[in-house]
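# Structural overview
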Amino acid sequence: MSEAFRGEFNQKVDGKARVSIPAAFRRILEAGDPSYTESSRPRFVIVYGDERRSFLECYTISEMKKVEAQIARLPRGSAQRRILERNLITLSLTAEVDEDGRIVLPVKARDKIALTAEEMKDGVETTFAGSLDTFQIWKRDTYEADLSAKAEADLANLPDDVDILSLLGDPQPGE
């Protein structure tokens, strides 16, 4: 992985369900789409599966090909393969960034993050959250509540005198 999706960006969704992809993320999407050229538009995969999540998980085309290869190595018909196929392949879609750096959030994606037409008319905000080789799209209010709750739980599990960098362990050779 050369570039990482990093940071969090709040972006408004307009009444036509269009939202701007952060510029830093667009560069990574371009690099991660093998068929992208200066005269084409970058594509990426939005996964909306897995009911336990209240966000969209977005992969570059290259990263999704790696996931697909891992799934294809599992035995056909196995429970693991069927779960992964359903949640990462079937319940996903390919999106294309337009010339203005935006995408139109499809209905299934809007439903997943609970965006209503009324909210979009008012300019509801989403949060784009980087997580190394993927990024997530959340409804901003949901993101902030989830982030706060998880951060509090994470810190409660660490003694006060422990630096979070200690969670990384020792560096591997060549790092």
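That block above? That's the structure.
What comes next concerns the included structure. Remember, predicted model here, so these are calculated numbers, not experimental data.

## Some thoughts on the sheet that holds strand S3 (residues 43–47)
The antiparallel open sheet is built from six strands, whose spatial order is S1-S7-S8-S4-S3-S5. Sheet topology places strand S1 (8–12) and strand S5 (92–96) at the edges, where each strand pairs with a single neighbour. Sheet twist, expressed as the mean angle between neighbouring strand axes with direction ignored, is 30°. With four bridges connecting them, strand S4 (residues 56–60) and strand S8 (residues 134–139) associate as antiparallel partners. Bridge pairing in S8 places Glu 57 opposite Gln 136. Against the sheet, helix H6 (residues 140–156) touches S1, strand S7 (125–131) and S8, its axis set at about 110° to S8.

## Side note on helix H1 (residues 23–31)
Taken together, the buried positions of H1 are occupied by Phe 25, Arg 26, Ile 28, Leu 29 and Glu 30. Structurally, H1 contributes buried residues whose contacts are with S1, S3, S4, S7 and S8.

## Description of the nonpolar core
In this structure, Phe 44, Leu 105 and Phe 135 are the most contacted members of the largest nonpolar core, which totals 26 residues. Of all elements in the fold, only H1, S3, S4, S5 and S8 reach the threshold of two or more residues within this core. Here the element with the most residues in this core is H1; it accounts for three residues. With near-sequence residues (within four places) excluded, Phe 135 lies in contact with Phe 5, Phe 25, Leu 29, Phe 44, Leu 56, Glu 57, Cys 58, Phe 128, Ala 129 and Gly 130.

## Concerning the pattern of salt bridges
Counting across every chain of the model gives 17 salt bridges. The partner of Asp 33 in a salt bridge is Arg 43, and the shortest N-O contact between them spans 3.2 Å. Of this pair, Asp 33 sits in the loop between H1 and S3 while Arg 43 sits in strand S3; the two residues are ten residues apart in sequence, bridging distant segments of the chain. By relative accessible area, Asp 33 is classed as buried at 3%. A salt bridge links Asp 100 to Arg 102; the nearest nitrogen and oxygen atoms lie 3.4 Å apart. Through salt bridges that share partners, Asp 50, Arg 52, Arg 53 and Glu 57 make up one connected network.

## Topic: the environment of Met 64
Along the chain, Met 64 turns up in helix H2 (residues 61–72). When its relative accessible area of 2% is taken as the criterion, Met 64 is described as buried. Between the C-alpha atoms of Met 64 and Glu 30, which are 34 residues apart in sequence, the distance is 14 Å. Among all residues touching Met 64, those that are not within four sequence positions of it are Val 45, Val 47, Tyr 59, Leu 88 and Ile 89.

## Quick look at the pairing of S4
The buried count for S4 comes to five of five residues, which makes it a mostly enclosed element. Side chains Leu 56, Cys 58 and Thr 60 project from S4 onto one buried face, and the interleaved Glu 57 and Tyr 59 project onto a second face that is buried too. Relative to S4, S3 runs antiparallel, the two being bridged by four bridges. The residue of S4 that forms the bridge with Phe 44 is Thr 60.

Thresholds, definitions, all that
- Residues numbered from 1 in each chain as written.
- Predicted model: local features only at pLDDT ≥ 70, side-chain atom pairs only at ≥ 80, totals over all residues.
- Heavy atoms only, no water.
- Pairing = 2+ DSSP bridges.
- Helix = DSSP H or I, 4+ residues; strand = E, 2+ residues; numbered from the N terminus.
- Axes fitted to C-alpha atoms, helices over the stretch in contact; angles between N-to-C directions.
- Contact = heavy atoms within 4.5 Å.
- Buried < 20%, exposed > 50% of the residue type's maximum accessible area, 1.4 Å probe, protein only.
- Core = buried A, V, L, I, M, F, W, Y, C linked by side-chain atoms within 4.5 Å.
- Salt bridge = Lys/Arg side-chain N within 4 Å of Asp/Glu carboxyl O.

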